[in-house]
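# Overview (structure and organization)
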Amino acid sequence: MRTPVSKEIIELVERFDLHRESYHSGRYNETQLRREFIDPFFKALGWDVDNTVGHAEAYKDVIHEDAIKVGGATKAPDYCFRIGGTRKFFVEAKKPSVNIAEEIGPAYQLRRYAWSAKLPLSILTDFEEFVVYDCRIKPDKNDKASTARIMYLNDRDYLPRWEEIAAVFSKEAVLKGSFDKYADTARLKKGTAEVDKAFLSEIEVWRQSLAQNIALRNPKLTQRELNFAVGRTIDRIIFLRICEDRGIEPDVQLMALQNGMNIYQRLIQIYYNADDKYNSGLFHFREEKGRFEPPDDLTLNLSIDDKPLKDIFKSLYYPESPYEFSVLPADILGLVYEQFLGKVIYLTPGHRAKVEEKPEVKKAGGVYYTPTYIVDYIVKNTVGKLLEGKKPGPRGSASNIRILDPACGSGSFLIGAYQYLLDWYRDQYMADDPEKWAKGRNPTLYQVIRGEWRLTTAERKRILLNNIYGVDIDHQAVEVTKLSLLLKVLEGENEQTLSSQLRLFRERALPDLGSNIKCGNSLIGPDFYDGKQAGFFDEDDQYRVNVFDWEKEFPEIFKDGGFDAVIGNPPYLVMRSDKHPDAVTDYLKIYEVSQYKMDLFHLFIQRGIDLIRKDGRMGYIVPNTWLTLKFTDKLRKFILDQSEICEIVVFDHYVFKAADVHTALIFLYKTLPKTNHKIKIKKPSEISTSRELENCEPALVTQRSWANADGYVFETRLGGNAGGLVIKILNNWPRLDEVARASLGCQAYNSLKHTPEQIKKRVFHAATKLANDYLPELAGKDVSRYLITRERGEWIKYGPWLHDYRTMDWLTGPRILIREIAGKKSRHIQACYTEETYCHYKTILNVNPSSSTQLSMKYLLGILNSQLLSFLYPYVSNKIVTKSFPRLSVGDVKKLPVRTINFTDPADKARHDRMVALVEQMLTLNKKLAEANTDHDKTVLQRRIDAMDSQIDRLVYELYDLTEEEIKIVEEKD
């Protein structure tokens, strides 16, 4: 759609051109430029620059950052343009006398803001020039002004190129996704470095240098004390540096420590000042009445050399530092720390420090941070539901809502919940006469520049202490969660607003979170030690187990029945007794949901339900395997017995990009057991915002035999016309295992039976048949639709010495072989027919005749290779999502519905025989195609095969009694 140049833009361009010389004078300042030119420019692009519609702070189109002048530099970008409260791009304004085209400073300043905020694009302008930068390129103080510049316009370009500008930067364009598409196409390939990865690399260097120096200078420190000292030092430095950039702490106070000797001793003095000012556990050095945790008397007595501290401080400031901490998002800090916590400092026998990945992290393949849109969606559908109908205020009903993450990690879910509460409280107060809430001895609101209303620091503290709780087994994770929440309390504050509030209320700025965020093992209580000898566990074992008594740690909450909401992303780790034969695994068997392949997330689901009070809610993101696997039936039964399932969201893409795990969201409401559950199921495709997820259409299904998992479990993801068709077929016809036998193939070697040397040398293999017990070897890649091609041509000595040995009746006579890995492009079942004897591996599935039916294996082959059965397979698969279809399992193949034949009915028997005849022709044609040599012969044969495939598909549609509309559903789904 064309965007005509508005009259306002024409007038702006003409006015600027007419008075260009006066605008270039040093007297014409940035504030004048913004009011007279830049504000109207973006209004013409559809942005509500002045918030004329009166949106609450969280939803304003444009945030005019309060310009905090520190050391001559502006500490916040001039404009932040947002959609639904989410930042999209910054605009930094400069007066026209500044040469934007060539001066390094303005470009570096803007790029630091946007790169730190993880924004793809941002704009630098003095109206005479309009410059767009790709802000995914890590800024460097020596970059030219042209580095990462992807668009340069001057005021004379505005009229002829207005449509191009509006197509990317108008509000309508951003809402429609055009801005994001432009950002993707404009991405510069070289030099990209995301802020989270760069900052992680930075603090890992700090950890290494501090660990080595502190271990060297403090030889009596234990490994745990060393980890605490290094972690706490880094946390404090980051906190103080962020507070500097927000104008809460004196500017460059850490930088100034580089001048002179004994840096650490002078840093400790800043710590003491912070203790007086903030009252948080991060700076807690004196015994105080009412404090939950003991003071830190370790780090004040450390010896640390000047050099590692100087190097850290130098890397935190302009011009060396590319970071602008005032705009660093809370979720970025959490993402960085989540990765940071995946490693730990070890001490060598010579007391030297080494940083290594934690064993549990290595086993899990890394640390995976929950995307913000998932956190937001879970919070909205748990905390948001609980707040409905509640009243705000210190005595309001909302004050009683207790929110817990029992495996809080770096605190992403608690930060999300806290932010949701802050926004909710502010909006409620503003809707109920904000002036009223700004008065009295304990006001909850105050007004800042531009008439904006904010929650007072005291109110933000009250909400945090009343509503937010977390537990984690990792002490460092607990400290990071506290750090992130404390920074969230101070968000939007500066030295002036904070000081006035401190003077008014005579209390320190931050709460002590020791009673809210605790370190402990959420799954193991103090009864773990019952009946065990006192000396059975050494000190390291006790710290590793870290037992936790919920009722003792949170007595008031459990006096009221428990928490109101449990949210989070619990750990995923299989605890098999044969692989973990220790006291921990044995103890975990006390959980009702514990069974074969017990995974920690199963236990966290039970623990979460146990911890919430009646009418409480739970929202988790977990692997989707528990929905259908047979050995998770206890978990499903527990859920159905103890709660009502509100919604399940099954993703057909990887939410955690680096992890090969399919996930689902589950939302539970704790109420009296129900005999019949109606569940909203969502199945979203690739998405990136909670708004997109919110708008996914759910299917409402009735759950009948889901807990058993022995019947069809397709219901957990069906909806619409496809769902009706699948239900119709599954209800009308028996499963494959009722008319045939099915099994996996064998495995040549068993690591328990055979030596590594035997396995390495393939001692049972031969290039030729050496004896009668040698059978032709067949691998999965040898099987395709209607054809077997032995590529290796090897033979294998067959007998009970092989793993998963099958008796010979499985390997002889008419039967079907199915390739385990289906076609990745066609996504079709790959099945063939054979009467020859083969030894084949687990990459091939067997389907053999059963005495219960007269069906020909060729008839069954035609059905299995049909388009209809490939369409049905994902709906009976325990893998839940279509993307996992390329791998078939014998358990799922057994569930496929088979159209049986009434052999006493001539018409039905004729259909059976027609299918057999078609399949026999397909077998012949595919064999001829494999032997064809010329392109012409291959083309002709392939066309005949395609035509025969269509005939088989039509016959299958007829056999299953599909209508034209249903056939269309199948073929469109392909």
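From a predicted model like this one, the values you see are computed outputs, not experimental measurements. Residue positions are given per chain, counted from 1 along the sequence in the order it is written. Thresholds applied to this predicted model are a pLDDT of at least 70 for local features of residues and 80 or more for the giving and counting of side-chain atom pairs; totals over whole chains, interfaces and linings are not thresholded and use all residues. Hydrogens and waters are ignored; side-chain quantities use all the structure's heavy atoms.

### Thoughts on the overall build of the protein chain
To keep it simple, the criterion reads: What counts as a helix is a DSSP run of H or I of at least four residues, what counts as a strand is a run of E of at least two, and both are numbered from the N terminus. For the exposure calls, accessible area comes from a 1.4 Å probe over protein chains only, and a residue counts as buried if that area is under 20% of its type's maximum, exposed if over 50%, partly exposed in between. Using the Shrake-Rupley algorithm and a 1.4 Å probe, accessible areas are obtained, with residue cover drawn only from the displayed protein chains.
When you go through the protein chain residue by residue, the secondary structure sums to 36 helices and 31 strands. Going through the 974 residues of the protein chain one by one, you find that 56% of them count as buried. A total accessible area of about 42800 Å² is found for the protein chain, and carbon and sulfur atoms account for 49% of it.

### Remarks on the pattern of salt bridges
As a working rule, side chains carrying opposite charge can pair if their charged atoms are close by. As a reminder, the rule being used: Salt bridges, as used here, are contacts in which a Lys or Arg side-chain nitrogen is within 4 Å of a carboxyl oxygen on Asp or Glu.
Enumeration over the complete set of coordinates arrives at 49 salt bridges. With its nearest N and O atoms 2.7 Å apart, the salt bridge here joins arginine 20 to aspartate 155. Highlighted residues: arginine 20 in helix H2 (residues 20-23) and aspartate 155 in the loop between strand E8 (149-154) and helix H5 (162-169), separated in sequence by 135 residues. Like aspartate 155, arginine 20 is buried. Here glutamate 92 makes a salt bridge to lysine 94, at a shortest N to O gap of 3.7 Å. Just as glutamate 92 is buried, lysine 94 falls in that class too.

### Digging into the sheet that holds E8
Quick note on the threshold: Here the rule is simple: two strands pair whenever DSSP picks up at least two bridges between them. Axes here mean lines fitted to C-alpha atoms, for a helix over just the part in contact, with angles spanning 0 to 180 degrees between N-to-C directions. Note on contacts: a residue pair is in contact if any heavy atoms of the two residues lie within 4.5 Å.
With mixed pairing, the six strands of this open sheet are ordered in space as E1-E4-E5-E6-E7-E8. Each of the sheet's edge strands pairs with one partner strand only, and the pair in question is strand E1 (62-64) and E8. Between one strand axis and the next, the sheet turns by 20° as a mean value, whatever way the strands run. Bridge count between E1 and strand E4 (residues 79-83): three bridges; the pairing is antiparallel. Each bridged residue has a counterpart across the sheet, and for histidine 64 the counterpart in E4 is tyrosine 79. Against the sheet, helix H3 (residues 30-44) touches E1, E4, strand E5 (86-93), strand E6 (121-125) and strand E7 (129-134), its axis set at about 135° to E5.

### Quick notes on the pairing of strand E29 (residues 831-834)
Both faces of E29 are covered, namely the face carrying Ala831 and Tyr833 and the face carrying Cys832 and Thr834. Across four bridges, the pairing between strand E28 (residues 815-819) and E29 is antiparallel. Within E29, the residue paired with isoleucine 816 across the bridge is tyrosine 833.

### Some remarks on the confidence of the model for the protein chain
Counted only if it meets this: The pLDDT value expresses, per residue, how confident the predictor is, ranging between 0 and 100.
Summarising the model, the protein chain shows a mean pLDDT of 83, and 85% of its residues fall at 70 or more. Averaged pLDDT values over the elements of the protein chain bottom out at 40 in strand E2 (residues 69-70) and peak at 98 in strand E11 (residues 403-405). In the model, residues 577-581 has pLDDT below 50 throughout and makes six contacts with residues more than four positions away in sequence or in other chains. When the criterion is pLDDT under 50, residues 880-884 qualifies, and its contacts beyond four places in sequence or with other chains add up to 22 contacts.

### Points about unusual backbone geometry
The phi angle at lysine 118 is positive, at roughly 60°, despite the residue not being glycine. Relative to the helices and strands, lysine 118 resides in the loop between helix H4 (104-116) and E6. When its relative accessible area of 34% is taken as the criterion, lysine 118 is described as partly exposed. Look at histidine 351: it is not a glycine, yet its phi comes out positive at around 60°. Structurally, histidine 351 is set in the loop between strand E9 (343-347) and strand E10 (353-357).

### Considering the packing of aromatic side chains
Each aromatic ring pair is summarised here by two numbers: the centre-to-centre distance and the angle between the ring planes. Put simply, the rule is: For Phe, Tyr and Trp, rings pair up if their centres lie within 6.5 Å, where Trp contributes its six-membered ring, and each pair is then called stacked (planes under 30 degrees apart), edge-to-face (over 60) or tilted (otherwise).
Enumeration over the complete set of coordinates arrives at 50 aromatic pairs. Considering the side-chain rings of tyrosine 272 and phenylalanine 285, the 5.5 Å spacing of their centres and the 70° angle between planes classify their relative orientation as edge-to-face. With tyrosine 272 in helix H11 (residues 263-278) and phenylalanine 285 in the loop between H11 and helix H12 (306-314), the pair connects residues that are 13 residues apart, well separated along the chain. Centre to centre, the rings of tryptophan 424 and tyrosine 425 are 5.1 Å apart; their planes meet at 85°, and the pair counts as edge-to-face.

### Quick notes on the nonpolar core
Heads up, the rule is: Buried Ala, Val, Leu, Ile, Met, Phe, Trp, Tyr and Cys residues form a nonpolar core when they are joined through side-chain atoms within 4.5 Å.
In terms of nonpolar packing, the biggest core is built from 110 residues, with Phe199, Phe239 and Leu665 touching the most fellow members. Discounting residues that sit within four places of it in the chain, leucine 665 has contacts with Ile374, Tyr377, Ile378, Tyr620, Ile621, Glu647, Ile648, Val649, Phe651 and Leu693. Ranked by size, the runner-up nonpolar core spans 59 residues in total, among them Val890, Leu955, Tyr960 and Ile967.

### Considering the packing of helix H34 (residues 906-931) against helix H35 (residues 935-959)
The condition is simple: For classification, angles of less than 35 degrees are called roughly parallel, those exceeding 145 degrees roughly antiparallel, those between 65 and 115 degrees roughly perpendicular, and all remaining angles oblique. Note: crossing handedness is left-handed where the near helix turns anticlockwise from the far helix by less than a right angle, and right-handed where it turns clockwise. For this classification, the nonpolar set comprises Ala, Val, Leu, Ile, Met, Phe, Trp, Tyr, Cys and Pro, the charged set comprises Asp, Glu, Lys and Arg, and every other residue, Gly included, is treated as polar.
Taken N-terminus to C-terminus, the directions of H34 and H35 make an angle of 160°; their axes are 10 Å apart at the nearest point. Compared by their axis directions, H34 and H35 come out roughly antiparallel. For the pair H34 and H35, the crossing hand works out as left-handed. Of the residues assigned to the contact of H34 with H35, the class counts are 13 nonpolar, four polar and seven charged.

### Observations concerning the sheet that holds E28
Read from one edge of the open sheet, four strands run E22-E31-E28-E29, paired in antiparallel fashion. Two strands bound the open sheet, and with one partner strand each, they are strand E22 (740-744) and E29. Taken over all neighbouring pairs, the strand axes of this sheet differ in orientation by 25° on average, direction set aside. Note that E28 and strand E31 (residues 844-849) share four bridges and pair antiparallel. Note on E31: the bridge partner recorded for leucine 817 is asparagine 846.

### Here we look at the side chain of aspartate 472
Here is the rule we go by: Polar contacts here mean pairs of N or O atoms no more than 3.5 Å apart (in protein, one a potential hydrogen donor and the other a potential acceptor; neighbouring residues in sequence count only if both atoms are side-chain atoms).
Following the sequence through the fold, aspartate 472 ends up in strand E14 (residues 468-472). Take aspartate 472: its relative accessible area is 10%, and that puts it in the buried class. Within the local environment of aspartate 472, its side chain forms a polar contact with the backbone nitrogen of glycine 409, the two atoms lying 2.8 Å apart. Here aspartate 474 takes part through its backbone nitrogen, which lies 2.9 Å from a polar atom of the side chain of aspartate 472.

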